[in-house]
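Spelled out from the first residue to the last, the chains are:
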Amino acid sequence: MTSRSQLPSVLLVGCGKMGSAMFEGWLKHGLKPSVVLERHQSITLPAPHKQAETVADIAPDFTPDVIILAVKPQMADDVLPELAQRFPSATLLSVMAGRTIDSLARHYQQTSSKVTPTIIRAMPNTPCAIGAGVTGLYAPPQATDTQKNECDSLLRSVGETVWVESEELINAVTAVSGSGPAYAFLLAELMEKAGIAEGLAPETARKLARRTVYGAGALLNDSDLESAELRTRVTSPGGTTAAALNVLMAPDAWPTAVPKAIAAAVKRAEELST
Ligand SMILES: NC(=O)c1ccc[n+]([C@@H]2O[C@H](COP(=O)([O-])OP(=O)(O)OC[C@H]3O[C@@H](n4cnc5c(N)ncnc54)[C@H](OP(=O)(O)O)[C@@H]3O)[C@@H](O)[C@H]2O)c1
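Procedures and definitions
Residues numbered from 1 in each chain as written. Predicted model: local features only at pLDDT ≥ 70, side-chain atom pairs only at ≥ 80, totals over all residues. Heavy atoms only, no water. UniProt positions renumbered as here; feature names shortened; annotations may be inferred. Near = heavy atom within 4 Å. Polar contact = N/O pair within 3.5 Å; in protein donor to acceptor, adjacent residues only side chain to side chain. Areas by Shrake-Rupley, 256 points an atom, 1.4 Å probe, with all protein chains shown as cover. Nonpolar A, V, L, I, M, F, W, Y, C, P; charged D, E, K, R; others polar. Disulfide = S-S within 2.5 Å. Buried < 20%, exposed > 50% of the residue type's maximum accessible area, 1.4 Å probe, protein only. Helix = DSSP H or I, 4+ residues; strand = E, 2+ residues; numbered from the N terminus. Contact = heavy atoms within 4.5 Å. Salt bridge = Lys/Arg side-chain N within 4 Å of Asp/Glu carboxyl O.

As named in an unreviewed UniProt entry, the protein chain is Pyrroline-5-carboxylate reductase, taken from Acetobacter cibinongensis. As its UniProt record puts it under Pathway (unreviewed entry), the protein chain is described as follows: "Amino-acid biosynthesis; L-proline biosynthesis; L-proline from L-glutamate 5-semialdehyde: step 1/1." Here the protein chain is described in UniProt, under the heading Function (unreviewed entry), as follows: "Catalyzes the reduction of 1-pyrroline-5-carboxylate (PCA) to L-proline."

Listed below in structure tokens is the structure:
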């Protein structure tokens, strides 16, 4: 785990669901003086960190080690030219789904050809807020080890990191882990509803479903066993779990639905990239 004051200074652009999840984690680990650029809502930040509503509001002597782009993909172009004028050779870490390095660089460089950003892509997920995130990262060949280490240290402070070999693979990361928490939340939601349908009190069903998804996740995290092995170990032949799994594992059920869902998320990420 990263010790206090080791994390680089950041300019966090966009402090919504993902930006705030990461920033909360970074604060716990000791971040060098940083700025959060968030235009409409007021963010409570401990000193020495500051909020700015526009790039022009950022103190002239502030130069971040890393600029984190955490706005919606379609909103980034509004702010990139201003950032480029102010920080022409920045290290940019984009957590935006589907925005390619090329498209970001084009917008960053539109004001001047002297602008030379290094853009690294990352796909974190919201469990970063409790230090339980996982992030896939990709760096282009020109990124230096220092730049990669700075980005890695930020994301490792809020979970685990994996680096992928090509930028296209970030779309697969997006579909599996970036969007993945929603799949687990859906499972908890459906288990809760089914429990209520089977006669449990709503509060009881809620607690049972949420705690089960949480506990299974914690077991997965603690175990070196394959997930299929963990499943097999709690499934007695002819028992209750087997009865449920026969439904879920029918060829037209989860074995079809889950790959289809992930492929749909990859396709959407590809569409956003064009
Ligand atoms: N949510 C996730 O689970 C998740 C996971 C992985 C990656 N991501 C990526 O993270 C990015 C952000 O997603 P999100 O869910 O956090 O979105 P969000 O909650 O809408 O947050 C974006 C924030 O940025 C602000 N903003 C937009 N343009 C700005 C500007 N020019 N200057 C300052 N602030 C600006 C928005 O303010 P306004 O509302 O006033 O516009 C909003 O508060 C997306 O690109 C997404 O692909 C999200």
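Right, picking up where we left off after that structure.
(A) Summary view of the site of the ligand. In the vicinity of the ligand lie 20 residues, with Met-18, Glu-38, Arg-39, His-40 and Val-71 positioned nearest. In this structure, Glu-38 approaches the ligand through a side-chain N or O atom, which is 2.8 Å from an oxygen atom. At a separation of 3.4 Å, an oxygen atom of the ligand approaches a polar side-chain atom of Lys-72. In isolation the ligand exposes 880 Å². Once the protein is present, 81% of that is buried. Along the lines of polarity and charge, the residues of the shell around the ligand split into 11 nonpolar, 5 polar and 4 charged.

(B) View of the state of the cysteines. One pass over the full model with this rule turns up 0 disulfides. Just so you know, Cys-128 is unpaired, no disulfide at all, and the nearest cysteine sulfur is the one on Cys-15, 13 Å from it. The structure places no disulfide on Cys-151, whose sulfur is separated from the nearest cysteine sulfur, that of Cys-128, by 14 Å.

(C) Spatial organisation of helix α3 (residues 101-108). Every buried residue of α3 is listed here: Ile-101, Ser-103, Leu-104, Ala-105 and Tyr-108. Those residues of α3 that are buried are in contact with β4 (66-69), α2 (76-86), β5 (91-94), β6 (118-123) and β7 (133-138).

(D) Expanded view of the pattern of salt bridges. One pass over the structure, following the stated rule, counts 7 salt bridges. Between Glu-167 and Arg-121 there is a salt bridge; the shortest N-O distance is 2.8 Å. Here the residue Glu-167 occupies a position in the loop between β8 (159-163) and α5 (169-178), and Arg-121 occupies one in strand β6, the gap between them amounting to 46 residues. The buried category is assigned to Glu-167, whose relative accessible area is 16%. For Arg-121, a relative accessible area of 2% gives the class buried. Sharing partners across several salt bridges, the network here consists of Lys-267, Arg-268 and Glu-271.

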